[in-house]
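Fold and contact review
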Amino acid sequence: MKNDVEKQRKSGLLYSVVTVCVLSVIIMCVTVFTPKKETGEFVPPPFDLSAEQGSPIVPNDIYWQEFDAKAFKVGICGKINMIGSNADIWLYNSAENDVWLKVRILKTDGTVLGETGVIRPDEYVKSVELNTEVESDSPLLLKVMAYQPNTYFSEGSVNIEAFAYNK
């Protein structure tokens, strides 16, 4: 009788081990042969066609200043003149920089209103066309993004609070 109980226990243990092995093989096959989710290919942002060489000569009343973001310097307006759906931001990539810059203009809730193309050091962009008109005194967020030239690896970003106004 003792042998029968021992045989049943060994037999049950054997079935358990076989079941675990079979399940492991099934899980492995499903993992290996399930199609992988493909991520889109990186498309570098285009250069801004309206970029001009040199530093901008900006009006005095627009709160334009250069910010030192440690990895790069950027000149931009904090008071953005809205002319229809165009925003005068006067984005300047300092000649001292070794990075390319671009700016994304956002509402405070994160909605993207528009963005520049990439600009090289010692270039500036006066205006950005937005996808909607913005009311005067609306708070905005300017997300300045820096890239390594040619590789487009991130060199960091900085958010700058701004507001819209109409002359």
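Going by the structure above, here's the rest.
Residues numbered from 1 in each chain as written. Predicted model: local features only at pLDDT ≥ 70, side-chain atom pairs only at ≥ 80, totals over all residues. Heavy atoms only, no water.

Focus: the nonpolar core
Counting 25 residues, the largest nonpolar core has I80, I89, L101, I105, L130 and L142 as the members making the most contacts within it. Those elements giving two or more residues to this core turn out to be β3 (73-77), β4 (79-83), β5 (86-93), β6 (100-107), β8 (123-129), β9 (139-147) and β10 (154-165). Looking at this core, the element that brings in the most residues is β9, giving four residues. For I89, the residues in contact, after removing those within four places along its chain, are W64, I76, C77, I80, I105, T116, V125, K126, S127 and V128. Counting six residues, the second largest nonpolar core, distinct from the first, contains I62, C77, W90 and Y92. (Core = buried A, V, L, I, M, F, W, Y, C linked by side-chain atoms within 4.5 Å. Buried < 20%, exposed > 50% of the residue type's maximum accessible area, 1.4 Å probe, protein only. Helix = DSSP H or I, 4+ residues; strand = E, 2+ residues; numbered from the N terminus. Contact = heavy atoms within 4.5 Å.)

Remarks on the side chain of K102
Here K102 is to be found in strand β6. Residue class for K102 comes out buried when judged on its relative accessible area of 6%. Of note is the side chain of K102, whose polar atom sits 2.3 Å from the side chain of E115. Beyond its immediate stretch of four places on either side in the chain, K102 contacts P45, E115, T116, G117, V118, K143, V144, M145 and Y147. (Polar contact = N/O pair within 3.5 Å; in protein donor to acceptor, adjacent residues only side chain to side chain.)

Some remarks on the pairing of strand β7 (residues 112-115)
For β6 and β7, the ladder comprises three bridges, and the chain directions are antiparallel. In the sheet register, R104 faces β7, and the bridge partner there is E115. With antiparallel pairing between neighbouring strands as the criterion, β6 and β7 make up a hairpin whose turn holds four residues, including G110 at a positive phi of roughly 95 degrees. (Pairing = 2+ DSSP bridges.)

Some points on unusual backbone geometry
Across the chain, the bulk of peptide bonds are trans and the bulk of non-glycine residues have phi less than zero. Positive phi, close to 65 degrees, is recorded for D122, a residue that is not glycine. With respect to the helices and strands, the residue D122 is situated in the loop between β7 and β8. Since its relative accessible area comes to 23%, D122 is described here as partly exposed. With phi around 70 degrees, D137 is a residue other than glycine that occupies positive phi space. Within the fold, D137 resides in the loop between β8 and β9.

Take it as geometry only, folks, not as evidence of what the structure does.
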